[in-house]
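For reference, the chains in residue letters:
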Amino acid sequence: MKEVIQALARKKNAIILAHNYQPPEIQELADLCGDSLELSIRAAKTTADIIVFCGVHFMAETASILCPDKTVLLPNTDAGCPMADMVDPAALSARKKALGDIPVVTYVNSSAAVKAVSDICCTSANVIQVVNALDSDQILMTPDKNLAKYAAGHTDKKIHLWEGYCPFHNDLTPQDVAAAKQNHPEALFMAHPECPSEILAMADTIQSTSGMIQYAKTSSLHQFIIGTEIGLLHPIAKANPDKQFFAASTRMYCTDMKKISLADVKNSLETLDGEIRVTENIRKKALGAVQKMIDMT
Ligand code: 13P
Ligand code: SF4
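Residues numbered from 1 in each chain as written. Chains lettered and ligands numbered in written order. Predicted model: local features only at pLDDT ≥ 70, side-chain atom pairs only at ≥ 80, totals over all residues. Heavy atoms only, no water.

## Here's the deal with the packing of helix 4 (residues 57-66) against helix 15 (residues 280-296)
So, step 1. At a minimum axis separation of 9 Å, helix 4 and helix 15 run at an interaxial angle of 95°. Relative to helix 15, helix 4 is oriented roughly perpendicular. Of the residues in helix 15, those touching helix 4 at Thr 62, Ser 64, Ile 65 and Leu 66 are Arg 283, Ala 286, Leu 287, Val 290, Gln 291 and Ile 294.
So, step 2. Looking at side-chain class alone, the contact of helix 4 with helix 15 contains 6 nonpolar, 3 polar and 1 charged residues. (Axes fitted to C-alpha atoms, helices over the stretch in contact; angles between N-to-C directions. Helix = DSSP H or I, 4+ residues; strand = E, 2+ residues; numbered from the N terminus. Parallel < 35°, antiparallel > 145°, perpendicular 65-115°, else oblique. Contact = heavy atoms within 4.5 Å. Nonpolar A, V, L, I, M, F, W, Y, C, P; charged D, E, K, R; others polar.)

## Observations regarding the pairing of strand 11 (residues 223-227)
So, step 1. Burial runs high along strand 11: 4 of the 5 residues are buried.
So, step 2. Across 4 bridges, strand 9 (residues 188-191) lies against strand 11 in parallel orientation. Of the residues in strand 11, the one forming a bridge with Met 190 is Ile 226.
So, step 3. A crossover connection joins strand 11 to the parallel strand 12 (residues 244-247) through helix 13 (residues 233-239); in handedness this β-α-β unit is right-handed. (Buried < 20%, exposed > 50% of the residue type's maximum accessible area, 1.4 Å probe, protein only. Pairing = 2+ DSSP bridges. Right-handed = clockwise from strand over helix to strand, strands pointing away.)

## Things to note about the nonpolar core
So, step 1. Ranked by size, the top nonpolar core spans 82 residues in total, and within it Ile 51, Val 52, Met 141, Phe 189 and Val 265 carry the most contacts.
So, step 2. Broken down by element, this core gets its largest block of residues, 6 residues, from helix 4.
So, step 3. Residues contacting Phe 189, with those up to four places away along its chain left out, are Leu 172, Val 177, Lys 181, Ile 199, Met 202, Ala 203, Asp 204, Thr 205, Ile 225, Gly 227 and Ala 248.
So, step 4. One finds Met 190, Ala 216, Ile 226 and Phe 245 within the second-largest nonpolar core, a separate group that totals 10 residues. (Core = buried A, V, L, I, M, F, W, Y, C linked by side-chain atoms within 4.5 Å.)

Put into structure tokens, the structure is as follows:
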């Protein structure tokens, strides 16, 4: 199946991008696996005619915002992000106005329509850089309250929160982490900034998904507890074959990130089903926020 799909992709001049949380067989198929920032940058640069985005809806939308002349396919269009659904453009615009029109920093885990009413986007890999580069002492961050609290700890600016969260990262408890640390006393604990602040306070390092892979590569330690969605266990173990990785909690399983199957990818490439396109009006406005982030990082 892998060879059939890769041959089909070559024939159609398609690139297959996969997020680090995708099922192992999808990651093995992809031309590039990465975190949200790496995938957006790669999408922006590709010369392929078709981008097959194995991730969730907002990721394919971001690729479409950056590459309007390309066909962007999400092989299973049911793959969404519950956190992205926790903010809508009308409510965001109203809150921005109520706060005196301060800049809005929007996590890429959001719809194109929300990006369109935002000043700049960020990912888990560049949030601190983005927040500190803005010329304002007050910022509204959306939709992730945990990411916003993390940023607030690394800036002198006043950060206003939006009450969104990732259900899987937000669910990780100090008891889970304490139990994992007890079971693996030699292990270093890495947390994703979508985790609550009490978890981040227990972390030895806070990283994006690809940041965790890189950190493990350069660390002299051999055991790691991974405080993010458990799909990351595949690429991090593959990149570090001599090291051991343990899930901080097996409840950190994002069902949307597991919706795409090999059959979906094959079908989507054959039929071009699952095309994601952002209307031109929204796209132009959203592009400003996404491009500003990419240029900055
Ligand atoms: P990163 O891979 O950018 O760290 O993002 C995590 C995530 O939750 C994507 O949905
Ligand atoms: Fe959204 Fe959380 Fe799933 Fe990432 S892991 S796609 S933030 S629900």
